[in-house]
Amino acid sequence: MVDLDSALSISQTNCLPLCIVPRTNRPTRALLLENPVLQLPRGKLSGSYYRLFRASLTRNCTKMRLSRAEHKDIVRCTEHLRPTRQCMKILKEKFPNHSQSTLLSIFSLEYQKRTKKTISRHHAPDVIERHYQRYLSAAKAHPTAPVLLELANEVDLSPALMARVILDRYLQDPQGVVPSKPVLNSMLKEPSLIPDQTLAKHIYQCTINDCCYGPLVDCIKHAIGQEHEVLLCDRLKERNLSFLDENQLRAMGYDKTPDIILEVPIVVEGHIVHWIESKASFGDDQSHCTYLTEQFWSYCNRFGPGLVIYWYGFIGELDCKRDRGILLKECFPTDIVTLCHGARHEGPAPPGKITTTPTTTTAEEESS
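On a predicted model such as this, the values are computed, not experimentally measured, just so you know.

Asks: Account for the packing of aromatic side chains, with residues named and values stated.
Replies: Taken as a whole and assessed by the stated rule, the structure comprises eight aromatic pairs. Taken together, Trp275, Tyr291, Phe296, Tyr299, Tyr310 and Phe314 form an aromatic cluster joined through their ring pairs. Seen from the ring of Tyr291, Lys279 lies directly overhead, with NZ or CZ sitting 3.9 Å from the centre.

Structural data, given as C-alpha cells:
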C-alpha cells in the first residue's frame, strides 16, 4: 500500500506527479522544473499535507472489512490495469464506497502477483536488448515524449522495473559487465546522476508514475508503516496502557517480535490480547497466510494470544482464528477491558495468572 489517502489524492485528482527529494539537491531540482511536481522533503509530510495524512490515519474504518466476494470483484477489475495513477481513478469510480487506500493496497498486492509470474521473461538477455533498442529509437524520434513510460505500459511491465532494466543495460560496459547494485540504486533514486539527461528524464517519469514499485514507492511505504506504528503507540499511551515496542524488545535480546507487547494484557471483544501487530496494508488470503506462517503463529507460541490491525482493511472471513489466539481488526479497538497483574513483571507479561478487577473503556469514552 502506498497511498497517502487525502494527501496523495490531491496529486492524483490534478494528475500531478509526487516526488520526494532532498531540497538541497540543485541538479535534481533543475530536472524537476521540467515537470509539475509536488515536492516533499525526505519522505516526510509537512504542513497541511501532514495534517491531512494524520487525519487519514484516524478515519472511520466501518467499510474496510470486505467479504471475500467483494474482494474478488475488486481483484477482477484490476486484472487489466497498469500501475499508474489513472488506474486509481478507475477503481475509485467503480468502487466509491471503499477508501482509496484500501483500493490501492489491493491493486498493489494483485499487481505484484502478476509481476512475479512474468518478470523472468523481461530479464532474458534478448528481451532486454530488444527493449533497449526500442527505447533508443523512440527517444531519438520523439525526445520530449514519455517513451520509456509508454514502452513499459505496452509490454505490461512496471514503469519502475522497466526503468531499472533500461538503466542497467545503459550502464553496461562494452564487455557486458553490469554495474553494482549500489550504483544502479543511487541513480534510480537520483536520476540527475545519470550522464544522459534524456534518459534521466525518462527514468524520472517512470519512477513518479509507478504506484507499485520503485524508490519513491519504497519511501512512501516505509513512511506510512512508521506513521501507523506511531499512531498505535499514541493510542496506547492515551489509554495509559503499559507496553514495550519493537526497539525496546530487541534491546532486551528478542530477535523476532511483534510491534507491541503489552506489559499488562487487555481484553478486546472477549479475547485476551498480549501483543499487537500493525500492518499498513490490506489483508488478503495470500498475504495473511504468509504472515500467519512467518510471524503470527510464532508470536502466539512465545507471547500468547494477540491482535493484528490491518489499517487498510482485510477479508472478513480471515478473522476465524480467534479461538486459537489471533484477533483481526481494521482499526484500534474502541472497547477495551484492562487487566491488572497482582505483581509487576519485568519485561513482557507472560500469558496466564491474571488477577484483580477489570475496567472497561467504552466507545463513548474513546470519542471524548
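Asks: Before we move on, could you go through unusual backbone geometry and cite the residues and values that matter?
Replies: In this structure, Asp156 is a non-glycine residue whose phi angle is positive, near 60 degrees. Inspection of the secondary structure assignment puts Asp156 in the loop between α8 (147-154) and α9 (159-171). A relative accessible area of 25% places Asp156 in the partly exposed class.

Asks: So what's going on with the side chain of Glu330? Residues and values would help.
Replies: Within the element layout of this structure, Glu330 appears in the loop between β9 (326-329) and β10 (336-340). For Glu330, a relative accessible area of 10% puts it in the buried group.

Asks: Talk me through the pattern of salt bridges; I want residue IDs and the actual numbers.
Replies: Taken as a whole and judged by the stated rule, the model has 16 salt bridges. Where Arg134 meets Glu154, a salt bridge forms, and the shortest distance between an N and an O atom there is 2.8 Å. Here Glu154 lies in helix α8 and Arg134 lies in helix α7 (residues 125-141), a separation of 20 residues in the sequence. For Glu154, a relative accessible area of 53% gives the class exposed. A salt bridge links Lys329 to Glu269; its shortest N-O distance comes to 2.8 Å. With Lys329 in strand β9 and Glu269 in the loop between β5 (260-268) and β6 (271-279), the pair connects residues that are 60 residues apart, well separated along the chain. Each of Arg65, Glu269, Asp319, Arg322, Lys329 and Glu330 takes part in one network of salt bridges that share partners.

Asks: Tell me about the nonpolar core, residues and numbers included.
Replies: By size, the foremost hydrophobic cluster in this structure holds 59 residues, and its most contacted members are Phe107 and Leu148. Leave out the neighbours within four places in its chain, and Leu148 touches Tyr135, Met162, Ala163, Ile166, His202, Ile203 and Cys206. Counting 18 residues, the second largest nonpolar core, distinct from the first, contains Leu241, Phe243, Trp311 and Leu327.

Asks: An account of the packing of helix α5 (residues 85-94) against helix α6 (residues 100-122) is needed here, citing residue identities and associated values.
Replies: Contact pair α5 / α6: the axes reach a minimum separation of 10 Å and the direction vectors enclose 120 degrees. Relative to α6, the element α5 lies oblique. Classified by chirality, the crossing of α6 by α5 is right-handed. Residues Cys87, Met88, Leu91 and Lys92 of α5 form the contact with α6, whose participating residues are Gln100, Leu103, Leu104 and Phe107. Counted by class, the contact of α5 with α6 contains six nonpolar, one polar and one charged residues.

Rules used throughout
Residues numbered from 1 in each chain as written. Predicted model: local features only at pLDDT ≥ 70, side-chain atom pairs only at ≥ 80, totals over all residues. Heavy atoms only, no water. Phe/Tyr/Trp six-rings, centres within 6.5 Å; stacked < 30°, edge-to-face > 60°. Lys NZ or Arg CZ within 6 Å of the ring centre and 35° of its normal. Helix = DSSP H or I, 4+ residues; strand = E, 2+ residues; numbered from the N terminus. Buried < 20%, exposed > 50% of the residue type's maximum accessible area, 1.4 Å probe, protein only. Salt bridge = Lys/Arg side-chain N within 4 Å of Asp/Glu carboxyl O. Core = buried A, V, L, I, M, F, W, Y, C linked by side-chain atoms within 4.5 Å. Contact = heavy atoms within 4.5 Å. Axes fitted to C-alpha atoms, helices over the stretch in contact; angles between N-to-C directions. Parallel < 35°, antiparallel > 145°, perpendicular 65-115°, else oblique. Left-handed = near helix turned anticlockwise from the far one by under 90°. Nonpolar A, V, L, I, M, F, W, Y, C, P; charged D, E, K, R; others polar.

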